[in-house]
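Topology and contacts: notes
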Amino acid sequence: MGKIIAVVNQKGGVGKTTSAVNLTAALKEAGKRVLLCDFDPQANGTSGLGIDKRHVRHSVYDVIIDDYPVRDAVVKTEYGDVLPSTADLAGAGVELISMPEPNFRLRNALDQLRNEYDVIFIDCPPSLELLTVNALAAADGILVPVQCEYYALEGLADLMVTLRMVKKRINPRLEIFGVALTMFDGRTNFSTQVAQEVRRHFPGKVFGTVVPRNVRLAEAPSHGLPVTVYDRHSRGAQAYKAMAEEIANKL
């Protein structure tokens, strides 16, 4: 049975989608069966794996709102399978409120796919509202990207409160799968200090691999490619391949 991991942090710009896309591609390259569920209305995870989000026929929105068959919505790519998103998802939080079991719509869909994948990543929106609660209800664990910058720990307390609430009331199996340090700048003492602080807050949960600031990571999405394909020898690609190996070992 595959593991479902929600990539979550309500702060924007911390590397959620970058991590979800590149870990999907790196694990796929390593021979794992991987699905990326793009649960962010911006749909950057969808385009990051080479799918034109303007021409998606059926998305995760259709699955959770209109009960469209989840297997029929999955798009297969050479970098991993994708349950794509579109801008329609932006209004789903309001629509879900009036639906039966509003917290469990995504879980009910992804549970149908568990046995077909080794790991399913959910790329969450940068907020702690009903879409994110759906993702946390569906997940076995969360992967938290934390940028090595000022205010890195700001908001993590809110995320931990939400995690405890979901674990207590909705999904008792939910755990912290791992914390990923991103945007690390080895030229500054400050990045090192932030990394040490994050490790102190999450003992035993922080991946050994640190993702550096890397221009190739920023360029790859504009080409619809994961960095492991766009420039497989770049520091960013090597970091995500190493982190994928850590994840494979944990799985």
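Just so it is clear, the structure is predicted and the values come from calculations on it, not from any experiment. (Residues numbered from 1 in each chain as written. Predicted model: local features only at pLDDT ≥ 70, side-chain atom pairs only at ≥ 80, totals over all residues. Heavy atoms only, no water.)

Below, the discussion takes up the overall build of the protein. Each helix and strand counted, the protein has 12 helices and 8 strands in total. In summary, the protein has a C-alpha radius of gyration of 17 Å against a globular reference of 18 Å for 251 residues, a match within 12%. If you line up the protein on its principal axes, its C-alpha atoms span 50 × 40 × 30 Å. When the 251 residues of the protein are sorted by exposure, 55% land in the buried category. Restricting to contacts in the protein with at least 6 residues of sequence separation, those with at least 24 account for 78%. Accessible surface computed for the protein: about 11,100 Å², of which carbon and sulfur atoms make up 50%. (Helix = DSSP H or I, 4+ residues; strand = E, 2+ residues; numbered from the N terminus. Rg over C-alpha atoms; globule rule 2.2 N^0.38 Å. Buried < 20%, exposed > 50% of the residue type's maximum accessible area, 1.4 Å probe, protein only. Contact = heavy atoms within 4.5 Å. Areas by Shrake-Rupley, 256 points an atom, 1.4 Å probe, with all protein chains shown as cover.)

Attention now moves to helix α7 (residues 130-138). Where burial is concerned, most of α7 is hidden: 9 out of the 9 residues are buried. Those residues of α7 that sit buried are Leu130, Leu131, Thr132, Val133, Asn134, Ala135, Leu136, Ala137 and Ala138.

This part is about unusual backbone geometry. One non-glycine residue, Asp67, adopts positive backbone phi at about 60 degrees. Counting through the fold element by element, Asp67 comes out in the loop between α3 (60-66) and α4 (70-73). Look at Met183: it is not a glycine, yet its phi comes out positive at around 55 degrees.

A separate point is the environment of Leu113. Of note, Leu113 is situated in the loop between α6 (105-110) and β5 (119-123). Classification of Leu113 as buried rests on a relative accessible area of 1%. Put simply, Leu113 and Leu35 are 78 residues apart on the chain and 9.2 Å apart in space, counted from C-alpha to C-alpha. Residues contacting Leu113, with those up to four places away along its chain left out, are Leu35, Val70, Arg71, Val74 and Ile120.

Quick look at the packing of aromatic side chains now. One pass over the structure, following the stated rule, counts 1 aromatic pair. We note Lys250 situated over the ring of Phe177; from NZ or CZ to the ring centre the distance is 4.5 Å. (Phe/Tyr/Trp six-rings, centres within 6.5 Å; stacked < 30°, edge-to-face > 60°. Lys NZ or Arg CZ within 6 Å of the ring centre and 35° of its normal.)

Taking burial as the measure, the 7 residues of strand β8 (residues 206-212) include 5 buried ones, the bulk of the element. Pairing between strand β7 (residues 175-184) and β8: 3 bridges, direction parallel. If you follow Leu181 over to β8, its bridge partner there is Val210. In this fold, β7 hands off to helix α9 (residues 189-201), which returns the chain to β8; that crossover is right-handed. (Pairing = 2+ DSSP bridges. Right-handed = clockwise from strand over helix to strand, strands pointing away.)

Turning to the packing of helix α1 (residues 16-29) against helix α12 (residues 235-250), a few remarks are in order. Between α1 and α12, the shortest axis-to-axis distance is 9 Å and the interhelical angle comes to 70 degrees. Taken as axis vectors, α1 and α12 run roughly perpendicular relative to one another. Contacts between α1 and α12 involve Thr18, Ser19, Asn22, Leu23, Ala26, Leu27 and Glu29 from the former and Tyr240, Lys241, Met243, Ala244, Ile247 and Ala248 from the latter. (Axes fitted to C-alpha atoms, helices over the stretch in contact; angles between N-to-C directions. Parallel < 35°, antiparallel > 145°, perpendicular 65-115°, else oblique.)

On to the pairing of β7, then. Among the 10 residues that make up β7, 8 are buried, leaving the element largely enclosed by the rest of the structure. Bridge count between strand β6 (residues 141-147) and β7: 7 bridges; the pairing is parallel. In the strand pairing of β7, Gln147 is matched with Thr182. What joins β6 to β7 is helix α8 (residues 156-169), and the crossover it makes is right-handed.

What follows deals with the pattern of salt bridges. For the coordinates displayed, the defined rule picks out 14 salt bridges. One salt bridge in this structure joins Arg232 and Glu29, with 2.6 Å as the shortest N-O distance. Here Arg232, found in the loop between α11 (227-230) and α12, pairs with Glu29, found in helix α1; they are 203 residues apart in sequence, far enough to count as distant. Residue Arg232 is classed as partly exposed on the basis of its relative accessible area, which comes to 33%. Through salt bridges with shared partners, a single network forms among Asp111, Arg114, Asp140 and Arg173. (Salt bridge = Lys/Arg side-chain N within 4 Å of Asp/Glu carboxyl O.)

To continue, consider the sheet that holds strand β2 (residues 34-38). The 8 strands are arranged β3-β4-β2-β5-β1-β6-β7-β8 in an open sheet whose pairing can be described as mixed. Two strands lie at the open edges of the sheet, namely β3 (75-77) and β8, each paired on one side alone. On average, each strand axis in the sheet is tilted by 25 degrees relative to the strand beside it, whichever way the strands run. Across the sheet, α7 lies against β1 (3-7), β5 and β6, angled at about 150 degrees from β1, the strand it touches most. Contacting β6, β7 and β8, α9 runs over the sheet at an angle of about 175 degrees to β7.

Limitation: the analysis is restricted to geometry and does not speak to function.
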